[in-house]
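# Understanding the architecture of this molecule
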Amino acid sequence: MNDTPNPTRAVRETSETVCYHCGEICRDTVIHAHDKDFCCDGCRLVYEILDENNLCSYYSIEPGSGNTVNRPAEGGRYAYLDDPEINAGLIHFNDGKHVHVTLFAPGIHCSSCIWLLEHLQKLNPGIFHSSVNFPKREVTVAFNPEKVKLSEVAALMSSIGYEPHISMQDLESGNKKQADRSSWYKIGIAGFCFGNIMMFSFPEYFSIADVADDPGLRQTFSYLNLGFSLPVLLYSASGFFKSAWGAIKAKQLNIDLPLAAAILMTFIRSVFEIFSNTGPGYLDSMSGIVFFMLIGRAFQNKTYQTLAFDRDYRSYFPVAVSVASAEGEERVPVTALKRGMRMIIRNGEIIPADSILLRGEAAIDYSFVTGESDPVEKKSGDLIYAGGKQAGRRIELEIVKPVKQSYLTTLWNKPAFAKDDAAERRASLENRINTWFTISVFIIAALSAGYWYWAGEPMRILHVVTTILIVACPCILLLAASFTQGNVLRIMGRYGFFLRNAFTIEKIANAKVIVFDKTGTLTGNSEFEASFEGTLDETEQDETGSICAHSNHPLSRQIALQLGSRFVQEVSDFEETPGKGIKARIGINEYRIGSAEFAGVLTNSEMNVTKVYVSKNGEFKGFFIMRHSLRKGVGEMLDKLAGKHELYLLSGDHDGDRERMSRWFKAENMHFKCSPADKLEFIGQLKAEGKKVMMIGDGLNDAGALQESDAGIAVSDNLNNFSPASDAIIDGGLMPGLDKLIEYAVDSDRVIRLSFAVSLIYNVVGLYFAVRGELQPVIAAILMPVASITIVSFATLLSTIMASVRKLKSIKHDENHISV
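A short tour of the structure in this document, coming up. (Residues numbered from 1 in each chain as written. Predicted model: local features only at pLDDT ≥ 70, side-chain atom pairs only at ≥ 80, totals over all residues. Heavy atoms only, no water.)

## Re the overall build of the protein chain
What the protein chain contains, in helices and strands, is 27 helices and 29 strands. Expressed as a percentage of its 820 residues, the buried residues of the protein chain come to 53%. Sequence-distant contacts in the protein chain: of pairs separated by 6 or more residues, those separated by 24 or more amount to 68%. (Helix = DSSP H or I, 4+ residues; strand = E, 2+ residues; numbered from the N terminus. Buried < 20%, exposed > 50% of the residue type's maximum accessible area, 1.4 Å probe, protein only. Contact = heavy atoms within 4.5 Å.)

See below:
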C-alpha cells in the first residue's frame, strides 16, 4: 500500500461529497485518505485492504458499489466457528487438507461483489478458491485448514464488507445438505430417451418403404425404442407412480393418478404390440408425456428453490453467544445453553433464551416479536423473553429456560405455525378438476369396455380403452396449468413478488379480505416523520440538529434531517447512552436529547406515541413526536384495494396512528397492541365466518397469522434476510405496487381456468371418437402433443400479455421508503 499521511477528518458543509468506496453521501464527516473521500473508517479500511492486495480494479467494474463495514471484525468474534460441533454442522467437505464451506452473505448485490468475493485467495493464501451463487447470495470457499481457520475466513469476509449471516437454523439443517438435483437428472434422461425414440420412430411416421418392407429392421427399431423407454418408465416417471400409489393407499384421488395410469397403459400396450409384432407401440408418446410434465413442474419449483419460505425462529437466532466463565468470557453454541448459565449480551445482539437480568440496564427491542416499536426498559431482576434485541450497553443475564423451552420457541411450535401443503394441494382448483376428470375418464373407459363386450366385439376393448386413456390423458390439463403457473411465478419474481408455489396464485386471487400489519409493512422499519411541540429558536434548532447528526440512531437521523441543519456547529463532550439518549455541548450550552427521564423531564402523559425530549441547560424545551413514515405510494395502493377488498389493520404497536390510518380502515377494523396470539385468533375468527383471508406482515409477531391465513405474504426489505414462514415474499420497496400484483394474480387464475376449459373441449371431442372406436391410438398419440403444445403456448402467451396489461413494469422500487 502506498505511503500516505494519516487520514484527515472534515466537517461536512455540503451534501455532495460521495464516499469513494460505497457511493453513499457523507452525512456528517468526510475522511480524506489516499487522495480519496470516505464516509467512515470502515470504508477507508476496506479500500486499504484492497489497495494493499492490488485489488482496486474492483472499483472499475461498478464504481461506488462497495459495502460499508458496520462494525469491525474484532478478534474472537467468529471464534465459535472453530468449535468442532459447529464446524461439522457448516462444513460440507473435509479431507484434512481441503475444506469446503458455503456461507450466506446478504450484502452481495452486484458484479463488483462477485468479482471481489471470487478473489479471496489474493487476500489470504490459505484459501484455494471461492465462487459466488448470486441468486442465493452464497459464497462457497475452499481453503487449507492447516493455514487458515473457518473463523478467519468469516472474519476476512466481514472485514471487506460481506459479513456472513450464520444462524441457528443453518447449524441444525447443515450446509452439508446438497441441492436436490434428481429432478434435473430425470428431465435429462427423459429428454435424451425421448429424442432417440422419436428418431427411431421416423420411419413409422413417414412410412419409409425400406423399413416397412424389412420386418427385421422394423423390429430392431422397436426393440431399441423399448430399451430407451425403460429408464423413462422406471426412473424419470417414478415420482408420478409414487404419488399415485400414495393416493391409492390414502383412498384419495390426486392429479398424478390418471397420469400414472396413462403412462403405464401406454407402455403395456406398446410392449404387447412390439412382442406380438402387431405394431410399433406408442413409446414416443409415453416418454414425451413424462418429459414435458417434468419440465413443467421444474419450471414451477424454480423460485421456491431460490428463496426460503419455511424460515422459523432458528434463522433469527445467532449460532453462539458469549457466556461468563472462570476464565472471563467464552463463546458457547446456542444449542448448548443450559439453565443457570450467565449470558453476556451487547448492543444490537439477540437474546436467545428466557433469562433474568442480573447486571446492567436493558432496553429491549421486541419489535420483531411483538410489533411494539418502542424499546422496553428492564432493571435487575426482571424477566426478559427470548427474541428481544438489546438496544443499550453490555448486560449480563442468567438463563431460566433453554432455547427449546423459551416463550418464543413455544409460540412457534403451535400447530397454527405449520402449513399443510398436502391439504393445500387437495383444495386447489387444479386438483378438484382433475379429481372429477379422473373419475369421469375411468367411468367412460369402463362403460366403453362394457359396451363393446356386449356388442360382441371384445377384441376392440383394449384398442378403445387404450385410445381413451391416451386421448383423455390429464397431461394436457396439467401441462397447461404447470406452464402457465410457472410463467406467472417467473413474471412475479421478476418484479420482486416471490410465491411459495403455484397454489398461492389461486389463494391470492380468491382472497376478499386483506389484513395488514403496520410497522415494517405499511411503514418502514427505521424511517420516521418528526414534528416538534415546544419552543426552539433558529439557533437552538441548528444546535439540536448538529448534535443529532453525530448519532447513528434512526430517530436522531430523522430529527437532523427534519431540522435541515447545515451541521456547522462544533459539538463537544458528545456522549450517547443506548436506549436513553444523547448528552453533548455546543459552546457553553449543554443539551440532553432522548427519553423524558434522560432529559430530566417529569411527565405522566400516556405513551401512545414515541416522543424524543429536548432540554437545554436543564430547561425543558419541548419534544419531537416521532411516527413511522408510510412507505412511498402505499396510500394510493390502499385506496385502490379498499374499493375491491375488505381491509383490516392488526398492529402490535400503540394506537398513535389511529387517526392517520382511518383514511383507509374503518374504526372497527383497526386493532392495536395486538399480541401474536391476538393476531392468530383474529385471523381464525375471520376464516370461521367463511371469509378468504390474505395476511400481510413482516415480523415474528405476524408469523402465526401468516400461517393461519389462506394466503400469507411476508414483507422484507432484504429478501435474503430473515422473514417469517409464508406463502409469498414481497420486496418491501415494491409495496406500492401490491394492488397491481394482486390484480395480476386474479388475471392469471382466470387464464388457468380458461386453459382448463380449452383442454377439456379437446378431451371431450377426442373422447367422442375414441369411445366409438373411430380413433386409432397412433392418431391419438400424435394429437396429444400437438394439442398440449398449442394450449401451453396459448396460456403462457396470454399470461405474459396480461402482465403488460396490468403495467407491472410501472412498479418502481422505492429506495427510500419515506413519505414526507
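Read on for the rest.
## Considerations on unusual backbone geometry
Its identity is not glycine, yet H34 carries a phi of approximately 55 degrees, on the positive side. Tracing the sequence through the fold places H34 in the loop between β2 (29-33) and β3 (36-38). Its relative accessible area of 11% is what places H34 among the buried residues. A positive phi is found at D35, a non-glycine position, where the angle reads about 60 degrees. Assignment of secondary structure puts D35 in the loop between β2 and β3. Taking relative accessible area as the criterion, D35 reaches 72% and is therefore assigned exposed.

## Description of helix α5 (residues 150-159)
Extensive coverage of α5 is indicated by the burial of eight of its 10 residues. Every buried residue belonging to α5 is among L150, S151, V153, A154, L156, M157, S158 and S159, and all of these are buried. Positioned one or two residues after α5, G161 has a phi angle of 100 degrees, which is positive.

## Focus: the packing of helix α22 (residues 634-642) against helix α26 (residues 738-771)
Running from N to C, α22 and α26 cross one another at 35 degrees; their axes reach a closest spacing of 8 Å. Listed contacts from α26 to M637, K640 and L641 of α22 are L738, D739, K740 and I742. Partitioned by chemical class, the residues of the contact of α22 with α26 number four nonpolar, no polar and three charged. (Axes fitted to C-alpha atoms, helices over the stretch in contact; angles between N-to-C directions. Nonpolar A, V, L, I, M, F, W, Y, C, P; charged D, E, K, R; others polar.)

## Examining the side chain of N196
Tracing the chain through its elements places N196 in helix α7 (residues 182-205). Residue classification places N196 among the buried positions, given a relative accessible area of 16%. Discounting chain neighbours no more than four positions away, the residues touching N196 are N225 and F228.

## Some details on the sheet that holds strand β11 (residues 355-359)
In any sheet, the strands associate via hydrogen bonds between backbone groups, in a parallel or an antiparallel arrangement. With antiparallel pairing, the six strands of this open sheet are ordered in space as β9-β8-β10-β16-β11-β14. Whereas interior strands pair on both sides, the edge strands pair on one side only; in this sheet they are β9 (328-333) and β14 (383-384). Sheet topology note: the β11/β14 ladder contains two bridges and is antiparallel. Of the residues in β14, the one forming a bridge with S355 is I384. (Pairing = 2+ DSSP bridges.)

## So, the pairing of strand β4 (residues 91-94)
Where β4 meets strand β5 (residues 99-104), three bridges bridge the pair, whose relative direction is antiparallel. Bridging from a neighbouring strand, F93 pairs with H100 of β5.

## Quick notes on the packing of aromatic side chains
Summed over all chains, the structure comprises 15 aromatic pairs. Ring centres of F192 and F228 lie 6.0 Å apart, and the angle between their planes is 70 degrees; on these two criteria the pair is classed as edge-to-face. With F192 in helix α7 and F228 in helix α9 (residues 215-236), this residue pair connects regions lying 36 residues apart in the sequence. A relative accessible area of 53% places F192 in the exposed class. Put simply, the rings of F192, F200, F221 and F228 pair up and form one aromatic cluster. Sitting above the plane of the Y235 ring, K186 keeps its charged end 5.8 Å from the centroid. The cationic tip of R592 hangs over the ring face of F598; the distance from NZ or CZ to the ring centre is 5.0 Å. (Phe/Tyr/Trp six-rings, centres within 6.5 Å; stacked < 30°, edge-to-face > 60°. Lys NZ or Arg CZ within 6 Å of the ring centre and 35° of its normal.)

## Notes on the environment of V441
Following the sequence through the fold, V441 ends up in helix α16 (residues 429-454). For the pair V441 and P258, spaced 183 residues apart in sequence, the C-alpha separation works out to 8.4 Å.

## Points about the nonpolar core
Core analysis: the largest hydrophobic core is formed by 48 residues, its most contacted members being L81, L120, F143, I160 and Y162. With sequence-adjacent residues up to four places away left out, F143 is seen in contact with K97, H98, V99, V101, G126, I127, F128, V148, K149, L150 and V153. Listed in part, the 43 residues of the second largest apolar core include I491, F672, M694 and A795. (Core = buried A, V, L, I, M, F, W, Y, C linked by side-chain atoms within 4.5 Å.)

## A closer look at the environment of L649
In this structure, L649 sits in strand β25 (residues 646-650). The buried category is assigned to L649, whose relative accessible area is 0%. In this structure the C-alpha to C-alpha distance between L649 and A667, which are 18 residues apart in sequence, comes to 9.7 Å. Every residue in contact with L649, bar those within four places of it in the chain, is listed here: F516, D517, K518, L522, M661, F665, N669, M670, H671 and F672.

## A look at the pattern of salt bridges
Any two side chains of opposite charge can pair if their charged atoms end up close together. What the rule picks out here adds up to 19 salt bridges. Here D657 ties to K518 by a salt bridge, and the two come within 3.2 Å at their closest N and O atoms. Of this pair, D657 sits in the loop between β25 and α23 (658-661) while K518 sits in the loop between β18 (513-516) and β19 (523-534), and the two are 139 residues apart along the sequence. Given the relative accessible area of 5%, D657 is considered buried. On the basis of relative accessible area, K518 is assigned to the buried category, the value being 2%. In this structure, the salt-bridge partner of K691 is E646, at a minimum N-O distance of 3.5 Å. Taken together, the residues K691 in the loop between α24 (676-688) and β27 (693-697) and E646 in strand β25 connect sequence positions 45 residues apart. With relative accessibility at 25%, the residue K691 sits in the partly exposed group. Under the relative-accessibility criterion, E646 is labelled partly exposed at 31%. Residues participating in the shared-partner salt-bridge network are R342, R359 and E396. (Salt bridge = Lys/Arg side-chain N within 4 Å of Asp/Glu carboxyl O.)

## Thoughts on the sheet that holds strand β15 (residues 389-390)
One open sheet accounts for three strands, arranged β13-β12-β15; its pairing is antiparallel. Whereas interior strands pair on both sides, the edge strands pair on one side only; in this sheet they are β13 (376-378) and β15.

## Description of helix α11 (residues 256-275)
Because each turn of an α-helix spans 3.6 residues, side chains separated by three or four positions end up pointing in the same direction. In this model α11 runs 29 Å from its N-terminal to its C-terminal C-alpha over 20 residues, within 8% of the 28 Å that 1.5 Å per residue would give. Positioned one or two residues after α11, N277 has a phi angle of 60 degrees, which is positive. (Expected span 1.5 Å × (residues − 1).)

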